[in-house]
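Architecture and fold: a report
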Amino acid sequence: MTIQLPDSRGGLRAYEPRTEPLAVTPGAAFTSRTVFSAAHVVADPYADVTPDSPAAVDWDATLAFRRHLWSHGLGVAEAMDTAQRGMGLDWAGAAELIRRSAAEAKSAGGLIACGVGTDQLASGTLAEVRAAYEEQLAVVEEAGAQAILMASRALAAAARGPEDYLEVYGHLLRQASEPVILHWLGPMFDPALEGYWGSSDLDAATDTFLEVIAAHPDKVDGVKVSLLDAQREIDLRRRLPRGVRCYTGDDFNYPELIAGDDQGFSHALLGIFDPLGPLAAEAVRVLDTGDVPGFRALLDPTVELSRHLFQAPTRFYKTGVVLLAWLAGHQSHFTMVGGLQSARSLPHFARAYELADGLGLFPDPKLAEERMKTLLAMYGVTR
């Protein structure tokens, strides 16, 4: 078995896929860490839509993928950035996703937390931003899921300084019926979030973020940090009030952050744990036994793939995630809501396939090879 993949010089090179997948089995929830996979949505390939149309979702395939994650002991972080919030999935679609997934979680006994944002607004006043957050928080709480308060483009545009963030988040935390996860998403994931927490100086922004938490520690289960800066996350983690968890969102440095040090560790809420789900679960189960080197031996080799998928422009990492879901057999097509399957190049796809295959991520390597050859042929690679 060989496949011709594009090389860095514009030519083709032969690649020999592995013949056996990594051997992993489903298992129970973890004991040492709480781990969420931010899951993608599966588009309906037969819907007659345009990139500007409301998202058409294949609900059966979308929920089946969540059952796959739960079967390995992972939690599902629903309606997050990985699900293309604000990049193809509008609030109406996200609300339906939240309701359907929360109901499925109850049936499957799976852990779920859902994103709360303001994406029903293009822009607005602080009062309108607060009302939009409240509407989404109500949907998540009524569905019986934990809330993740996501960063808001509308708040970033409306806020005049740190005091506005303190006021809006303070109101929401007082209103929340259960402890929430606060999500700080950096501008590398969404350029519209530049200057979040009232400053482009990350030290000043961190101080405001911590001030929000310190005022309401009983309403904050944890924080999810996506700044792709391991040392900054460690420094923040050490400053959190006792009992407030840090969920790493660092798709570049997650093995070391989850493993932790003598002063603590991070839990996880990661987009890369969508394609890595079974392997990541196996690694965390090893960590549950106290075997940190064994955990690192499994997870460290995955970082090259993650850094490839999340390379700049980072917000298009979803395209690689869905490509790998298709190659792994979790969906029957490579189509995304909003037409986002066009957001990466053929050489990018080829390298993602090679790295994922090398890790043994494809349950059926032959199927993955055949599907990759189909994609290559669509781009004119016929040998």
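See the structure printed just above.
This is a predicted model, so every value here is computed, not measured.

Let's shift gears to the sheet that holds strand S4 (residues 75-78). Spatial ordering of the closed barrel is given by S3-S4-S5-S6-S7-S8-S9-S10, a layout of eight strands whose pairing is parallel. If you compare each strand with its neighbour and ignore which way they point, the axes differ by 25° on average. Two strands pair when backbone bridges link them, and strand S5 (residues 112-116) and strand S6 (residues 146-149) are joined in this way by four bridges, in the parallel orientation. Within S6, the residue paired with Ala113 across the bridge is Gln146. The strands touched by helix H1 (residues 59-71) within the sheet are strand S3 (35-38), S4 and S5, with S4 carrying the most contacts at an inclination of about 140°.

This part is about H1. The terminal C-alpha atoms of H1 lie 18 Å apart, and with 13 residues this matches the ideal 18 Å at 1.5 Å per residue to within 8%. Those residues of H1 lying buried are Trp59, Ala61, Thr62, Leu63, Phe65, Arg66, His68, Leu69 and Trp70. Residues of H1 that are buried in the fold lie against S3, S4, helix H2 (91-108), S5 and helix H9 (277-288). The backbone nitrogen of Asp60 has a side-chain oxygen 3.3 Å away, supplied by the residue at the start of H1, namely Asp58. One or two residues past the end of H1 sits Gly73, with phi positive at roughly 90°.

A few words now on the nonpolar core. By size, the foremost hydrophobic cluster in this structure holds 120 residues, and its most contacted members are Leu155, Tyr169, Leu182, Tyr196 and Phe273. Residue contributions to this core peak at eight residues, all from helix H13 (residues 346-359). Ignoring anything within four residues of it in the chain, the contact list for Leu155 reads Leu126, Val129, Tyr133, Tyr165, Val168, Tyr169 and Tyr196. With 10 residues, the next largest nonpolar core counts Ala38, Met80, Met150 and Leu269 among its residues.

This structure, assessed with the given rule, holds 21 salt bridges. Salt-bridge contacts for Arg130 lead to Glu167; the nearest nitrogen and oxygen are separated by 2.9 Å. With Arg130 in helix H3 (residues 126-142) and Glu167 in helix H5 (residues 162-175), this residue pair connects regions lying 37 residues apart in the sequence. Under the relative-accessibility criterion, Arg130 is labelled partly exposed at 27%. Arg232 serves as the salt-bridge partner of Asp229, at 3.8 Å between the closest nitrogen and oxygen. Assessed through its relative accessible area of 23%, Arg232 is described here as partly exposed. Via salt bridges that share partners, Arg13, Glu304, Arg351 and Glu354 belong to a single interconnected network.

Here the focus is the packing of aromatic side chains. Summed over the entire model, instances satisfying the criterion amount to 17 aromatic pairs. Both rings, one in Tyr165 and one in Tyr196, keep their centres 4.8 Å apart while their planes meet at 70°; by these two values the pair is edge-to-face. Taken together, the residues Tyr165 in helix H5 and Tyr196 in the loop between strand S7 (180-185) and helix H6 (202-215) connect sequence positions 31 residues apart. Their ring planes at 80° and their centres at 5.2 Å tell us that Tyr196 and Trp197 sit as a pair that is edge-to-face. The exposure class of Tyr196 is buried, given its relative accessible area of 2%. Of the residues examined, Trp197 reaches a relative accessible area of 0% and is grouped as buried. Put simply, the rings of Tyr133, Tyr165, Tyr169, Trp184, Tyr196, Trp197 and Phe209 pair up and form one aromatic cluster. Lying across the ring of Phe265, Arg33 places its NZ or CZ 3.6 Å from the centre.

Taking 1.5 Å per residue as the helical rise, H6 with its 14 residues ought to reach 20 Å, and the 20 Å between its terminal C-alpha atoms agrees with that figure. Of all the positions in H6, only Ala205, Thr206, Thr208, Phe209, Leu210, Val212 and Ile213 are classed as buried. Each element contacted by the buried residues of H6 is listed here: H5, S7, strand S8 (220-226) and helix H7 (230-239). Taking the backbone nitrogen of Asp203 as reference, a side-chain oxygen 2.9 Å away marks Asp201 as the first, capping residue of H6.

Here the focus is the packing of H1 against H2. As a packed pair, H1 and H2 sit with axes 10 Å apart at the nearest point and diverge in direction by 45°. Here H1 lies oblique to H2, going by the angle between them. Crossing of H1 over H2 shows right-handed handedness. Two secondary-structure elements touch here, H1 through Trp59, Thr62, Leu63, Arg66, Arg67 and Trp70 and H2 through Gly93, Glu96, Leu97, Arg100, Ser101, Glu104, Ala105 and Ala108. In terms of residue class, the contact of H1 with H2 is made up of six nonpolar, three polar and five charged.

Reading the values: the criteria
- Residues numbered from 1 in each chain as written.
- Predicted model: local features only at pLDDT ≥ 70, side-chain atom pairs only at ≥ 80, totals over all residues.
- Heavy atoms only, no water.
- Pairing = 2+ DSSP bridges.
- Helix = DSSP H or I, 4+ residues; strand = E, 2+ residues; numbered from the N terminus.
- Axes fitted to C-alpha atoms, helices over the stretch in contact; angles between N-to-C directions.
- Contact = heavy atoms within 4.5 Å.
- Expected span 1.5 Å × (residues − 1).
- Buried < 20%, exposed > 50% of the residue type's maximum accessible area, 1.4 Å probe, protein only.
- Polar contact = N/O pair within 3.5 Å; in protein donor to acceptor, adjacent residues only side chain to side chain.
- Core = buried A, V, L, I, M, F, W, Y, C linked by side-chain atoms within 4.5 Å.
- Salt bridge = Lys/Arg side-chain N within 4 Å of Asp/Glu carboxyl O.
- Phe/Tyr/Trp six-rings, centres within 6.5 Å; stacked < 30°, edge-to-face > 60°.
- Lys NZ or Arg CZ within 6 Å of the ring centre and 35° of its normal.
- Parallel < 35°, antiparallel > 145°, perpendicular 65-115°, else oblique.
- Left-handed = near helix turned anticlockwise from the far one by under 90°.
- Nonpolar A, V, L, I, M, F, W, Y, C, P; charged D, E, K, R; others polar.

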